Amino acid sequence: MMVDRRHSGPNGQAGPAAVPLYGFQPPVGTPYGLEVSTVEDFFAQHDDWPWNPPRPGRATFHYLIAVTEGELLHDVDHVTRTVTPGQWLWVRPGHAQCWHPPGAARGTFILFEPDVLRPDLVRLLAPLTAHEAPAVLSPHPDDTAWLQQTARQLLDEHRALGRRPLDVHHALRRSLLESLLLRLANSPDIDPADTATAGTLRADRYGRFLDALELHFRELHQAADYAELLDCSVRTLSRAARDATGKGVRELIDERRLLEARRLLGGARWDARTVAVHLGFTDPANFGRFFRDRTGLTPAAFAAGEATTHA
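Residues numbered from 1 in each chain as written. Predicted model: local features only at pLDDT ≥ 70, side-chain atom pairs only at ≥ 80, totals over all residues. Heavy atoms only, no water.

(A) Structural detail: the pairing of strand 10 (residues 106-112). The element strand 10 is largely enclosed, with a buried count of 6 among its 7 residues. Bridge count for strand 5 (residues 62-69) against strand 10 is 7 bridges, and the pairing is antiparallel. Opposite Val67, over in strand 10, you have Gly107 as the bridge partner. (Buried < 20%, exposed > 50% of the residue type's maximum accessible area, 1.4 Å probe, protein only. Helix = DSSP H or I, 4+ residues; strand = E, 2+ residues; numbered from the N terminus. Pairing = 2+ DSSP bridges.)

(B) Region of the structure containing unusual backbone geometry. Its identity as a non-glycine residue notwithstanding, Asp231 has a phi of 60°, on the positive side. Tracing the backbone shows Asp231 in the loop between helix 8 (223-229) and helix 9 (234-245).

(C) Representation of the sheet that holds strand 7 (residues 79-83) in the model. Strands sit in the order 7-6-9 across an open sheet of 3 strands; the sheet is antiparallel. Taken across any chain shown, the strands that pair with only one partner, and hence form the sheet edges, are strand 7 and strand 9 (97-99). The average angle at which neighbouring strand axes cross in this sheet is 30°, direction not considered. (Axes fitted to C-alpha atoms, helices over the stretch in contact; angles between N-to-C directions.)

(D) Expanded view of helix 10 (residues 249-265). End to end, helix 10 covers 24 Å across 17 residues, agreeing with the expected 24 Å (1.5 Å per residue, within 8%). Every buried residue of helix 10 is listed here: Val249, Leu252, Ile253, Asp254, Arg256, Arg257, Leu258, Glu260, Ala261, Leu264 and Leu265. (Expected span 1.5 Å × (residues − 1).)

(E) How the structure looks around the side chain of Asp77. Position of Asp77 relative to the elements: it lies in the loop between strand 6 (72-76) and strand 7. By relative accessible area, which is 3% here, Asp77 ends up buried. In this structure the side chain of Asp77 is engaged in a polar contact, spanning 2.8 Å, whose partner is the side chain of Arg263. Sequence-distant contacts of Asp77, that is, excluding residues within four places in its chain, are made with His95, Ala96 and Arg263. (Polar contact = N/O pair within 3.5 Å; in protein donor to acceptor, adjacent residues only side chain to side chain. Contact = heavy atoms within 4.5 Å.)

(F) How the structure looks around the sheet that holds strand 10. Read across the open sheet, the 5 strands follow the order 3-10-5-8-11; overall the sheet is antiparallel. Two strands in the sheet have a free side with no partner beyond their single neighbour: strand 3 (34-38) and strand 11 (136-137). Both strand 5 and strand 8 (residues 88-91) contribute to a ladder of 4 bridges, which runs antiparallel. Among the inter-strand pairings, Ala66 is bridged to a residue of strand 8, identified as Trp88. On top of the sheet, helix 4 (residues 141-158) reaches strand 3, strand 5, strand 8 and strand 10; it is set at about 110° to strand 3, its chief contact.

(G) How the structure looks around the environment of Leu258. In this structure, Leu258 sits in helix 10. Taking the C-alpha atoms as reference points, Leu258 and Phe291, separated by 33 residues in sequence, lie 7.0 Å from one another. Excluding residues within four positions of it along the chain, Leu258 makes contact with Phe290, Phe291, Arg294 and Thr295.

(H) Summary view of the packing of aromatic side chains. The final tally for this structure, using the stated rule, is 16 aromatic pairs. Residues Phe42 and Phe43 carry aromatic rings whose centres are separated by 6.3 Å and whose planes lie at 55° to one another, so their mutual orientation is tilted. Aromatic pair Trp90 and Phe112: ring centres 6.1 Å apart, planes at 75°, arrangement edge-to-face. Linking Trp90 in strand 8 with Phe112 in strand 10, this pair joins segments that are 22 residues apart in sequence. With respect to burial, Trp90 and Phe112 carry one shared label: buried. In this structure, Arg257 is placed above the aromatic ring of Phe281, and the distance from its NZ or CZ to the ring centre is 4.1 Å. Against the face of Phe290 rests Arg257, its NZ or CZ located 5.6 Å from the ring centre. (Phe/Tyr/Trp six-rings, centres within 6.5 Å; stacked < 30°, edge-to-face > 60°. Lys NZ or Arg CZ within 6 Å of the ring centre and 35° of its normal.)

(I) Main features of the pattern of salt bridges. Scanning the entire structure with this criterion turns up 13 salt bridges. In this structure, the salt-bridge partner of Glu260 is Arg263, at a minimum N-O distance of 3.9 Å. Highlighted residues: Glu260 and Arg263, both in helix 10, separated by 3 residues, approximately one helical turn. Glu260 sits in the buried class, given a relative accessible area of 0%. Residue Arg263 is classed as partly exposed on the basis of its relative accessible area, which comes to 25%. A cluster of three or more residues bridged by salt bridges with shared partners is formed by Asp77, Glu214, Arg218, Arg256, Glu260 and Arg263. (Salt bridge = Lys/Arg side-chain N within 4 Å of Asp/Glu carboxyl O.)

Here it is as structure tokens:
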């Protein structure tokens, strides 16, 4: 299902706060970048991983889980989400996640790479696939049964490998997935405003920069790093970022690192030194200055305030 692409520390070992990055690696014989299973099968097949003990990880692909029975607990970006029957959990590429011990949850479990979707659908689905979109979706009640039925049909077709020509099999799987996602895009949790604009942004260089940033903000901190990844000049990337947001590339990188720091110091209760290592700071003092300059608080003061607020 996944292959570890973790980034090693100075001695070749993942640091104490490292969150490994996993690439898509479906079972042998599974065609293309789409795998469909069930939550209960996943638990049965991974009876000693990754909840013994639970370990956070990130993936380069989408996790989409439809809960039909029971209750699923899952950490997304260091916040525990509770998913109940009729709801969907969506973990997008690059987001930190951590499983909880198996419970009574049942439902369809869909894994897919971003490039499985056709380009025209990518634009339409931009508000749904965006990094900032909600992790838990509550579709309109009128759509619940249809969505669950379509998910079951997708699972059935995925298990029907060999029943029909491979290209037809994959076309059916992709068609069912796209139909399901288009219906999910109408969930009340998703803001349909400016869909066309959002789609345009996600399809251009700035959109690809956001994708790269979400995967690499922990270890890549310079505009030149991302320009090299995207095979363009720093000037071209900077222009794309400013046209889309009015901000420079470095400012966007720093904002993403700051957001992660807030999440880890607050909801996840990590200490400042561990957060500094996780975000690629060579010296905790540098992290302290970075955080204080942007929030007016030391990491310790921010963490204490969050602890009081959520006590």
